[in-house]
Amino acid sequence: MRVLITGSGGQLGRDCAELLAEAHTVLGLPSARLDITSRDQVRTVLQDFRPETLINCAAYTAVDRCESEQERCMAVNGAGPGILAAECALISCRMIHISTDYVFNGRRPVPKPWHEDDPVEPLSAYGRSKLAGEEAVRQRLQDHLIIRTAWLYGLHGPNFLKTMLRLALSDPGRTLRVVDDQHGALTWSRRLAKQITLLLDSEISGTIHATAAGHCSWYEGARCFLEAMQVPFSIQPCDSSEYPTPAHRPRNSILANTRLQKAGLDRMVAWDEDVVRFAQRHRDRLLAEAR
Ligand SMILES: NC(=O)c1ccc[n+]([C@@H]2O[C@H](COP(=O)([O-])OP(=O)(O)OC[C@H]3O[C@@H](n4cnc5c(N)ncnc54)[C@H](OP(=O)(O)O)[C@@H]3O)[C@@H](O)[C@H]2O)c1
């Protein structure tokens, strides 16, 4: 299959480009080579490469900066996917678009998860822009798959686990205070890329959730990772009020992969299993990067 990956310089985009290239003809384009907000650029690439599936991993993901840069955030996360979808429609190309748990308001008791058809109500500019992107894709292209995921980490690019490691190594005597009142499922971008590989060959469409199984708080996630990394650390749980941020974040970000499960296509695994595997597989490289 001919597959175009946008945002291929990012965390998920790189994993998708690497994995899919094993079985498909892949063109991965980072932002410097394709700006998804430019209809001209998108049209030229699509007309030249003629993909059968486009996977949109491009997004403006700096959640707090989105509050002060709402125009850019809406252009990349809201309008960009609409441009891609409209251009895909012209060449009968399927589009897989990545969205987020931040479309939900998180006001639901833990561990009750969010299902695909639950009502959306984003709390932040980022969440509103991602919701606008979902709606634009639905309006412009029938042959689409929107995958909502959450709490991504991976080898490429900055993420929460790498930050925890850097902080633990930079001052081993210091006690890390980590938020314990937001809940979700840390999801390995490589696992999601594998799931996407399977979905490429399936006919599933519409909106689905794909996150790791189970749930944790940021504190529990950090603890599990640092233990698996076998570095000295001291950590304490704290309330999110200790770390006020420009963007409001959902308290409960737990997504249920309901549609994937019903279709017999769910290949995601328990969050802690993957966090440990990620740490064990990449320990040396993660340590070298963090020091
Ligand atoms: N990270 C998470 O925790 C998380 C959680 C839920 C959902 N998601 C969603 O998952 C997807 C992948 O996220 P990620 O963690 O891989 O993010 P990421 O590492 O920030 O990658 C996003 C990529 O998009 C590129 N990009 C930004 N503006 C662009 C534009 N106008 N045209 C083309 N490319 C552009 C960025 O390139 P530059 O760096 O060059 O700007 C970056 O390489 C996104 O849709 C995100 O919303 C992420």
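Residues numbered from 1 in each chain as written. Predicted model: local features only at pLDDT ≥ 70, side-chain atom pairs only at ≥ 80, totals over all residues.

Draft legend 1. Spotlight on the overall build of the chain. In terms of helices and strands, the chain carries 10 helices and 12 strands. The globule rule puts the C-alpha radius of gyration for 291 residues at 19 Å, and the 19 Å found for the chain is close to it. With respect to the principal axes defined by its C-alpha atoms, the chain has extents near 60 × 40 × 40 Å. Buried residues in the chain amount to 47% of all 291 residues. Pairs at least 24 residues apart make up 82% of the contacts formed inside the chain by residues separated by at least 6 positions. (Helix = DSSP H or I, 4+ residues; strand = E, 2+ residues; numbered from the N terminus. Rg over C-alpha atoms; globule rule 2.2 N^0.38 Å. Buried ≥ 20, exposed ≤ 12 C-beta atoms within 10 Å, placed from the backbone. Contact = placed C-beta atoms within 7 Å.)

Draft legend 2. Representation of the nonpolar core. Membership of the largest hydrophobic core comes to 81 residues, with the highest contact counts inside it found for I5, C16 and M95. The greatest single-element share of this core, amounting to seven residues, is contributed by helix α4 (residues 70-90). Setting aside residues no more than four positions away along its own chain, I5 makes contact with G13, C16, A17, V26, G28, L29, I55 and C57. (Core = buried A, V, L, I, M, F, W, Y, C linked by C-beta atoms within 7 Å.)

Draft legend 3. Quick look at the site of the ligand. Taken together, 28 residues sit near the ligand, with G7, G10, Q11, S31 and A58 positioned nearest. Of all elements in the fold, only α1 (11-20), α4 and β4 (94-100) reach the threshold of two or more residues within the shell around the ligand. A per-element tally of the shell around the ligand places α1 first, with three residues. (Near = placed C-beta within 6 Å.)

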